[in-house]
Structures are given as C-alpha cells and as structure tokens.
Amino acid sequence: MPGNGATDASCPDTTPMAAFLGGPAEGSPCTSVLGWAGEGPGAGGKNRHVCHAAARLEMGSLWEEFNRLGTEMIVTKAGRRMFPTFQVKLSGLDPLADYVLLMDFIPLDDKRYRYAFHSSSWLAAGRAEPAAPGRVHFHPDSPAKGAQWMRQIVSFDKLKLTNNLLDDNGHIILNSMHRYQPRFHVVFVDPRRDSERFAHQNFKSFSFPETQFMAVTAYQNHRITQLKIASNPFAKGFRDGDPEPCFPELPAPTFQPLTCPSGVYVGAKPRTLPYPLPAFPQLSTYGPTTAPTFGYGQQ
C-alpha cells in the first residue's frame, strides 16, 4: 500500500524517547515493502530481538485521505482522543521475549500557524511557542510477550492530547496551531543486569509521515470536519439524514424543597470519593524536544 510504510525514526536526538532509553537513538533508515517497515538483521547495531521488527499502519487509506486535506487533531484542557486512532500491526518480534510499546510526539518544525479561510490553507504565523513538556505514552498492556503483540492489532485508543501545560493526568501535552509527528517505539525488555549499557540497541522506532497533524482547539478546515463526521463511528449523531433520537415525554417532577437534618453541613463537595477510581499509569516527563522536518501533505 503506497505511503503506508513507516520510516525508521531511530535517529540521534534528544527527545523524550532518547531520555527514556538513557542514550541516543542509533540506527540506519529502513526500507518499506508492501506497507511494512523494518530493518535487516543487525542493521544499526540493534539487538536481535528488535532488528527484525516491522510495523504496518492500520487504516492507512483513511490516514492518507486526512493527510491530503491536512489532518487536524483537537487538543483540550481535559484531553481528547485522536481520530483516526493510531493502530499498528506488528511482525518480526521474538514470540517469547517481553516488549514495551510506547508513543511520543515531536514538533515538525519551529513555526506556529494560522488558517487562511479565503485560501483554505495553513500559513506560517511566526516562531513556535516554547516546546511543551515532552511525554511518552505507554501502551497499557506493556510489557507483554512478542506473541501477544503480534496476535492482534495494537491500538493506542486510550491516548489523549491536551494543551494544558499543568496536566497531571499523563496526557500528551501539545501546543495548539503547531504541527506534530507521532512516533511509535518497540522496546525489548532486556533481562540482563547491565541492560542500561545496551539501551540504545534494545529499541526500534517507527514514524508514519501520513499521521502528522496540526494541533487545534477547534477544526479550521470544514472538509476535515466533514471527513471526521463521515468516518468516525462515534459521530453518528452528526451525520446528515440521521433521525433525531426520540425519547418519551415524562411528567415534570414536583419540586420538593431541600431539607437537611440538623447538624449536617451543606457546602462544597467532598474532596474524596466514596469509591476508588482507577489510577492513571505513571508516565515519564522530559524536557523540550527537537525534531526533523517532514512534508505536510497537499494544501
């Protein structure tokens, strides 16, 4: 499938991924065949458990369709999931070895943008804002055996994007009106005691150019809005021709004044809930990132 192959993103950098692994990301670019990307055995000095790893982007044709228009992803203070969802199919892993899968997002350039409605295109509007705190998102099933990862499609449907610099929920923090490239990383869980020495050999990174996007707080291109509504199964209620949901009319409840027993304080909600909430996975936070420049599709 043309354009559906990943390029190996294992270039020397100072991104959160490099900091997570404790060393520079080394490796030569890989070639893609029929939508699959991977390195040859031993390429770039990689560990044999990752040198054969290959990843194929799922829903590649949909990503391509968005990319031709200039993909936009909503960022909110509370965090918003991506659509299309980032999903990959893995091959070439050691079925009995343990792997951690994670993602990070790198800026595509040092500019911020504005949307020109009269020309339906994005224009550079100055220098980029200071880089948001770099974070990585671990797949919740990590670590797991290679056989498990290869058995089914790997979906990062829990990942959320936010523009809240003070976010404490572990979401990916991005600047609105800036361009980003998602990256996918396969990390071999090395059982050796001195595994830190081999950190740069124990991972492999993939970058799919068709997944790059503009972070926005509201969709700018109406064609992106239409395509999201048409292709997102959770946007059924926005599609033209869908009937409005019907609900039976219920009688209005009779107003009853609130009464409280004496000695009961009525005020703000308690800070603790009467039931436990699931904890968010611990994510790592690192410093600003620098990134290579990619094309942004067609205007």
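Source: prediction; values computed, not measured.

1. Quick look at the sheet that holds strand β14 (residues 160-162)
Reading across from one edge, β6-β14-β15 is the order of the three strands in this open sheet, with mixed pairing throughout. Where the open sheet ends on each side, the last strands, each with one partner, are β6 (80-81) and β15 (172-173). Here β6 runs beside β14; their pairing, made up of two bridges, is antiparallel. Residue R81 lies in a different strand from β14, and its bridge partner there is K160.

2. With respect to the confidence of the model for the protein chain
Chain-level statistics for the protein chain give a pLDDT mean of 77 and a share of 64% at 70 or above. When the criterion is pLDDT under 50, residues 22-43 qualifies, and its contacts beyond four places in sequence or with other chains add up to 63 contacts. Contacts from residues 243-250, a stretch scored under 50 in pLDDT, to residues over four places away or in other chains number zero contacts.

3. Regarding the pattern of salt bridges
Counting across every chain of the model gives nine salt bridges. Among the salt bridges present, the one from D110 reaches R127, with a minimum N-O distance of 2.7 Å. Here R127 lies in strand β10 (residues 121-127) and D110 lies in the loop between β8 (98-107) and β9 (111-116), a separation of 17 residues in the sequence. Relative accessible area serves as the criterion here: at 35%, D110 is assigned to the partly exposed category. By relative accessible area, R127 is classed as exposed at 62%. Linking D194 and R197 is a salt bridge whose minimum nitrogen-to-oxygen distance equals 2.9 Å. Bridged by salt links that share partners, the residues D110, K111 and R127 form one connected network.

4. Overview of the nonpolar core
Formed by 33 residues in total, the largest nonpolar core has its most connected members in L90, F105, L161, L174, F184 and F213. For this core, the elements supplying multiple residues, two or more each, are β4 (54-57), β7 (87-91), β8, β16 (178-188) and β18 (213-216). With residues near it in sequence (within four places) discarded, F184 still touches A55, F86, V88, L90, L101, L102, M103, F156, K204, S205 and F206.

The rules behind each value
Each chain has its residues counted from 1, following the order in which its sequence is written. It should be noted that, the model being predicted, local features are given only for residues of pLDDT at least 70 and side-chain atom pairs only at 80 or more, the latter also being counted only at that level, while totals for whole chains, interfaces and linings use all residues. Side-chain measures here rest on the full set of heavy atoms in the structure, leaving out hydrogens and waters. At least two bridges found by DSSP between two strands is the condition for calling them paired. Comment: elements are numbered from the N terminus, with helices defined as DSSP H or I runs of at least four residues and strands as E runs of at least two. Per-residue confidence from the predictor is given as pLDDT, running between 0 and 100. The contact rule is simple, with two residues in contact once any of their heavy atoms fall within 4.5 Å. Should a side-chain nitrogen of Lys or Arg be within 4 Å of a carboxyl oxygen of Asp or Glu, the pair is scored as a salt bridge. Partly exposed describes any residue whose relative accessible area lies between the buried limit of under 20% and the exposed limit of over 50%, with all areas from a 1.4 Å probe on protein chains only and scaled to the type maximum. Here the nonpolar core consists of buried residues drawn from Ala, Val, Leu, Ile, Met, Phe, Trp, Tyr and Cys, with membership extended through side-chain atoms lying within 4.5 Å.

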